[in-house]
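The chain contents come next:
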Amino acid sequence: ESYEAIDNRNRMNMLGVTSAYVRPFSDGGRLRLGYELQAMNLELDNSVARGPTPQTLVPDPIVSNEFHVDQAVHALYATWEKPFTNKLSAQFGLRLEQANLDLDQVTTNIQSANDYFRAYPTLHVSYALGEGESLRGSYSRRIQRPGPQDLNPFLTYQDNFNYRSGNPGLLPQETDSFEVMWQKRVQQTFYQATLYYRDTTDAFTQVTSDIGGGVFLTRPENLGSSRAAGVELVANGALHPTLRYNASINAFRQEIDASGIPGAVDSEGESVSGRLTLNWQPTQQDFVQVSGIWSGEQ
């Protein structure tokens, strides 16, 4: 018989500062400039104690650890909107970010810093085809930052031959997204079709390496990249005054580039997914919803 006590204490302090300057122009255009600060201080204290009795519990050093993250993201941004004609308008944007991270693995006394600068441009163009109908094109660069546990270098015991850890040098994953979208609204019915292409770099990839003595360590690395192209169709409207539907289908092709991973091979394939939701409200007091999600092979 054995006993275990788990005490996870997480504390987060956040500070946000936003400022903006907006300048309208006589031709209908508008310029927006601004600065943003997002600062976070996070303390993760995970303690696990085990023992034969509740009075003899002792901390387990292979899983107990304390990890601190100080992150500050400074951003300067500018957007410019302009209607060129009654039907054609565009918006251009640029966001500059400087991220500073200070990491402290208190238990193992490992301190590190991870600083990086990134630029994120955007472009949106809209053209009105007719009453309730429009065509839009866009480009944007998106970011996905690693979570705190992805950065924690503490070696977590899995079994005698396997450990896991985070990677304090892990950089954000970025995706360049290109989209062309057609939209049409007819009274209470809405249709949308989107063609897209997305190119992802520095993707998080779990890599297992031999650290000696037949022991393996698995941790995330920025080795992945992929490309996806597809079409998404969306429709929602009324089948009856009391019955509405919302449906979508997404068909795409994905290519995964494994050139940065020794011994791996590229992969590619097609997939289709979809969903359907029916909302039935026979009276003001009664409401029934039925929904389904279908996902093809990935």
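Located above this text is the structure these notes cover.
Reading the values: rules and limits
Residues numbered from 1 in each chain as written. Predicted model: local features only at pLDDT ≥ 70, side-chain atom pairs only at ≥ 80, totals over all residues. Heavy atoms only, no water. Helix = DSSP H or I, 4+ residues; strand = E, 2+ residues; numbered from the N terminus. Buried < 20%, exposed > 50% of the residue type's maximum accessible area, 1.4 Å probe, protein only. Contact = heavy atoms within 4.5 Å. Areas by Shrake-Rupley, 256 points an atom, 1.4 Å probe, with all protein chains shown as cover. Lys, Arg positive; Asp, Glu negative; His and termini not counted. Charge placed at Lys NZ, Arg CZ, Asp CG, Glu CD. Phe/Tyr/Trp six-rings, centres within 6.5 Å; stacked < 30°, edge-to-face > 60°. Pairing = 2+ DSSP bridges.

The subject of this paragraph is the overall build of the protein. Along the backbone of the protein there are 1 helix and 15 strands. Projecting the C-alpha coordinates of the protein onto the three principal axes gives extents of approximately 75 × 50 × 50 Å. Burial statistics for the protein: of 298 residues in total, 30% are counted as buried. Taking as baseline every contact in the protein between residues at least 6 positions apart, the subset at least 24 positions apart corresponds to 57%. When the accessible surface of the protein is totalled, it reaches about 18,200 Å², and 55% of it is carbon and sulfur. A gap of 12 Å separates the mean positions of the 23 positive and 34 negative side-chain charges of the protein.

The next point concerns the packing of aromatic side chains. Summed over all chains, the structure comprises 4 aromatic pairs. Where Tyr-139 meets Phe-178, the ring centres are 4.8 Å apart and the plane angle is 40°; that geometry is what we call tilted. In this pair, Tyr-139 sits in strand 7 (residues 133-144) while Phe-178 sits in strand 10 (residues 173-186), placing the two residues 39 residues apart along the sequence. Judged by relative accessible area, which is 41%, Phe-178 ranks as partly exposed. Aromatic pair Phe-178 and Tyr-197: ring centres 6.3 Å apart, planes at 40°, arrangement tilted.

Further remarks concern the pairing of strand 4 (residues 65-83). Across 17 bridges, strand 2 (residues 30-51) lies against strand 4 in antiparallel orientation. Paired with Arg-32 across the two strands is Thr-79, which belongs to strand 4. In the sheet, strand 4 pairs with strand 5 (residues 88-105) via 17 bridges, with the strands oriented antiparallel. Bridge pairing in strand 5 links Glu-81 to Gln-91. Between strand 4 and the antiparallel strand that follows it, strand 5, lie 4 residues.

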